[in-house]
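# Coordinates in review
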Amino acid sequence: GGIELEMRRCPAGSFVRSGRKSYCDNKTVTISKDFYMGTYEVTNAQYVAIMGGSSPSSVYGADFTSDSQPVVKVSWNDITAVDGFIDKMNSRFASQLPSGYKFALPTEAQWEYACRAGTKTDLNSNKDIENDKALDSNTSKVAWYKQNWGESNKKTHDVGGLASNSFGLYDMHGNVWEWCADWYDDYDDSKLTDPTGSVTGSDRVMRGGSWIDGPSHCTSWSRDH
């Protein structure tokens, strides 16, 4: 329908799983193959173009439904089910993908690698957060989060409005939480090349924080479920 979904290549490489929490074990994780990540969080316009109907964001009211805002109120199952968002993307655009590639949620390791883009700091701007309880100038350059609500007007923000990382990816910090493919569990330090998480579980991983979270929830290393 004329709606584009731009993607950026993330070249194979490694990152150190480090941060301020006990689960950040300082292990080096390797991503062995190039992959692509959406330049922006999936928008309302993109979601509706694939799924039809109206945006699920409308449950939160008109302040969340502009074409350029990230889609919200989408479950992991909505994305991965038969005839869900990813299934329909692969059905419609398989012929346009590079050989051997398909649309999928990123693994948690792919997400962190893409977010960090070579950095070892809290933020992919090569900066650390300095204040987790108030407005933090470093976080404000890359994320819409709880303490800059005054600017974000207590809602999600149009994608791409703040600085990107060196891979050209926007809003990896804040704005909305992003789903990953993995079951949520402790890291398995025996699997450090292309890890895919636990084989079973009850919750799925989400990363990146949101417009209602403080800076520490929006870091490269923070995880939730």
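The structure reproduced in this document is the subject of the present report. (Residues numbered from 1 in each chain as written. Predicted model: local features only at pLDDT ≥ 70, side-chain atom pairs only at ≥ 80, totals over all residues. Heavy atoms only, no water.)

### Considerations on the overall build of the protein
Counting its secondary structure elements, the protein contains six helices and nine strands. Whereas a compact globule of 225 residues would reach a radius of gyration of roughly 17 Å, the protein reaches 17 Å, a difference of no more than 12%. Summarising its shape, the C-alpha atoms of the protein cover approximately 45 × 45 × 35 Å along the three principal directions. The buried share of the protein, reckoned over its 225 residues, is 44%. Taking contacts inside the protein between residues at least 6 apart in sequence as the whole, the part at least 24 apart equals 65%. Carbon and sulfur atoms provide 47% of the accessible area of the protein, an area that totals close to 11,200 Å². Distance between charge centres in the protein, computed from 23 positive and 30 negative side chains, equals 2 Å. (Helix = DSSP H or I, 4+ residues; strand = E, 2+ residues; numbered from the N terminus. Rg over C-alpha atoms; globule rule 2.2 N^0.38 Å. Buried < 20%, exposed > 50% of the residue type's maximum accessible area, 1.4 Å probe, protein only. Contact = heavy atoms within 4.5 Å. Areas by Shrake-Rupley, 256 points an atom, 1.4 Å probe, with all protein chains shown as cover. Lys, Arg positive; Asp, Glu negative; His and termini not counted. Charge placed at Lys NZ, Arg CZ, Asp CG, Glu CD.)

### Thoughts on the pattern of salt bridges
One pass over the structure, following the stated rule, counts 10 salt bridges. Across the salt bridge formed by Arg-20 and Asp-122, the nearest N and O atoms sit 2.4 Å from each other. Of the two residues, Arg-20 sits in the loop between strand E2 (13–17) and strand E3 (27–31) while Asp-122 sits in the loop between helix H4 (108–116) and helix H5 (137–140), which places them 102 residues apart along the sequence. Taking relative accessible area as the criterion, Asp-122 reaches 5% and is therefore assigned buried. (Salt bridge = Lys/Arg side-chain N within 4 Å of Asp/Glu carboxyl O.)

### Examining the nonpolar core
Cys-10, Phe-35, Met-37, Tyr-113, Ala-114, Leu-169 and Met-172 are the most contacted members of the largest nonpolar core, which has 17 residues in total. With five residues, the top contributor of residues to this core is H4. Those residues in contact with Leu-169 that sit more than four places away from it in its chain are Arg-8, Cys-10, Met-37, Gly-38, Thr-39, Ala-114 and Ser-164. By size, the runner-up hydrophobic cluster in this structure holds 11 residues, among which are Tyr-47, Trp-76, Ile-86 and Met-89. (Core = buried A, V, L, I, M, F, W, Y, C linked by side-chain atoms within 4.5 Å.)

### What about unusual backbone geometry?
Notably, Asn-26 is not glycine yet its phi reads approximately 60°, a positive angle. Residues other than glycine seldom take positive phi values, yet Asn-175 does so here, at roughly 70°. On the secondary structure map, Asn-175 appears in the loop between strand E6 (173–174) and strand E7 (178–183). Accessibility expressed as a relative area gives 0% for Asn-175, which makes it buried.

### Some points on helix H3 (residues 85–93)
Because each turn of an α-helix spans 3.6 residues, side chains separated by three or four positions end up pointing in the same direction. When we look at burial in H3, the residues that qualify are Phe-85, Ile-86, Met-89 and Asn-90. Along the axis of H3, the buried positions cluster into a sector of 130°, meaning they face one direction only. The elements touched by buried residues of H3 are helix H1 (44–51) and helix H2 (76–80). (Arc of directions from axis to C-beta.)

### Focus on the side chain of Ser-18
Relative to the helices and strands, Ser-18 resides in the loop between E2 and E3. Looking at Ser-18, the relative accessible area reads 14%, which means it is buried. Those residues within four positions of Ser-18 in sequence are excluded, and the remaining contacts are Cys-24, Asn-26, Arg-116, Lys-120 and Trp-221.

### Here's the deal with the sheet that holds strand E9 (residues 223–224)
Either a parallel or an antiparallel arrangement is found when strands of a sheet pair, and the pairing is made through backbone hydrogen bonds. Taken together, the three strands give an open sheet; going across it, the order is E7-E8-E9, and neighbouring strands pair in antiparallel fashion. The open sheet is flanked by E7 and E9, the only strands paired with a single partner. Here strand E8 (residues 204–207) pairs with E9 via two bridges, running antiparallel. Within the sheet, the bridge partner assigned to Met-206 lies in E9 and is Asp-224. (Pairing = 2+ DSSP bridges.)

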